[in-house]
Amino acid sequence: MRKTIASWLPTLMATALLAASTANADEYGKWVKDEKQKTYVCEYKYETKASTKAKPDYAVQNAVIYYADPERKNWVYYYNAKSDPWARCAAPTHPKYDNTAMYWQHLGEDKHNYIDYPDKGYCPAPKNGKNPIPAFPLPPK
């Protein structure tokens, strides 16, 4: 029996869709509320600079909102795999939040103060990441 191209078409389309869905692996998980820590935590998975088509490589960081802390509740803090903070982005409750251009700050050399990135709308990439961080999913209210 000979198979026609039409009989292979569904398989080819499914393969193409799978390839397209994994081509951009940078993604967020769902926000999880931690009552004890009084935080919302969301995993951010991204493709690393070492990643290739032949050998994909991914890493995970955490985005955290301290919803009960008056000093930190208006920011989404980013922590690397070692749980070290390195940047923060204005959350929807922050006065500088803009859903068209994210407002970022990075941790200064003193490891205590955050400093604005010079360009409005600039989105950093993790140190080992290929791409700038995409907008985070809106946290629960």
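Above this text you will find the structure in question.
Along the polypeptide, serine 51 turns up in the loop between β3 (39-47) and β4 (58-65). Looking at serine 51, the relative accessible area reads 4%, which means it is buried. Within the structure, serine 51 has its side chain in polar contact with the side chain of glutamate 47 (distance 2.8 Å).

Turning our eyes to something else, we now look at the nonpolar core. Counting 21 residues, the largest nonpolar core has Tyr28, Trp31, Val76, Tyr78, Trp104, Ile133 and Phe136 as the members making the most contacts within it. Counting residues per element, the ones that place at least two in this core are β3, β4, β5 (75-79) and β6 (85-90). Excluding residues within four positions of it along the chain, tyrosine 78 makes contact with Tyr28, Gln61, Asn62, Ala63, Asp84, Pro85, Trp86, Ala87, Cys89, Trp104, Ile133 and Phe136. Membership of the second largest hydrophobic core comes to nine residues, among which are Val64, Tyr66, Trp75 and Leu107.

If you add up the space inside the largest pocket, you get close to 410 Å³. Lining the largest pocket are 19 residues, and of these Gln61, Asn80, Trp86, Pro126 and Lys127 sit closest to its centre. The set of elements that each furnish at least two residues to the lining of the largest pocket consists of β4 and β6. When residues of the lining of the largest pocket are assigned to their parent elements, the largest contribution, three residues, is made by β4. In this structure, the second largest pocket spans a volume of roughly 220 Å³.

The subject of this paragraph is the pairing of β5. Within β5, five of the five residues are buried, which leaves the element mostly enclosed by the surrounding structure. Every second residue of β5 is oriented toward a common face, with Trp75, Tyr77 and Tyr79 on one face and Val76 and Tyr78 on the other, all of them buried. Relative to β5, β4 runs antiparallel, the two sharing three bridges. Paired with asparagine 62 across the bridge in β5 is tyrosine 79. Bridge count for β5 against β6 is five bridges, and the pairing is antiparallel. Bridged to tyrosine 79 within β6 is proline 85.

Within the structure shown, the criterion is met by eight aromatic pairs. For the ring pair tyrosine 28 and tyrosine 44, a centre distance of 5.0 Å and an interplane angle of 35 degrees mean the geometry is tilted. Taken together, the positions of tyrosine 28 in strand β1 (residues 27-28) and tyrosine 44 in strand β3 put the pair 16 residues apart, joining distant regions of the chain. For tyrosine 44, a relative accessible area of 0% corresponds to the buried category. With a centroid separation of 5.6 Å and 75 degrees between ring planes, the pair formed by tyrosine 66 and tyrosine 77 is classed as edge-to-face. With tyrosine 66 in the loop between β4 and β5 and tyrosine 77 in strand β5, this residue pair connects regions lying 11 residues apart in the sequence. The two residues tyrosine 66 and tyrosine 77 agree in class, both being buried. The cationic tip of lysine 33 hangs over the ring face of tyrosine 67; the distance from NZ or CZ to the ring centre is 5.1 Å.

Rules and cut-offs
- Residues numbered from 1 in each chain as written.
- Predicted model: local features only at pLDDT ≥ 70, side-chain atom pairs only at ≥ 80, totals over all residues.
- Heavy atoms only, no water.
- Helix = DSSP H or I, 4+ residues; strand = E, 2+ residues; numbered from the N terminus.
- Buried < 20%, exposed > 50% of the residue type's maximum accessible area, 1.4 Å probe, protein only.
- Polar contact = N/O pair within 3.5 Å; in protein donor to acceptor, adjacent residues only side chain to side chain.
- Core = buried A, V, L, I, M, F, W, Y, C linked by side-chain atoms within 4.5 Å.
- Contact = heavy atoms within 4.5 Å.
- 1 Å grid on protein atoms, 1.4 Å probe; cavity = no way out; pocket = protein on both sides within 12 Å on 5 of 7 lines; lining within 4 Å.
- Points joined across faces, edges and corners; volume = space filled by probe spheres on them.
- Pairing = 2+ DSSP bridges.
- Phe/Tyr/Trp six-rings, centres within 6.5 Å; stacked < 30°, edge-to-face > 60°.
- Lys NZ or Arg CZ within 6 Å of the ring centre and 35° of its normal.

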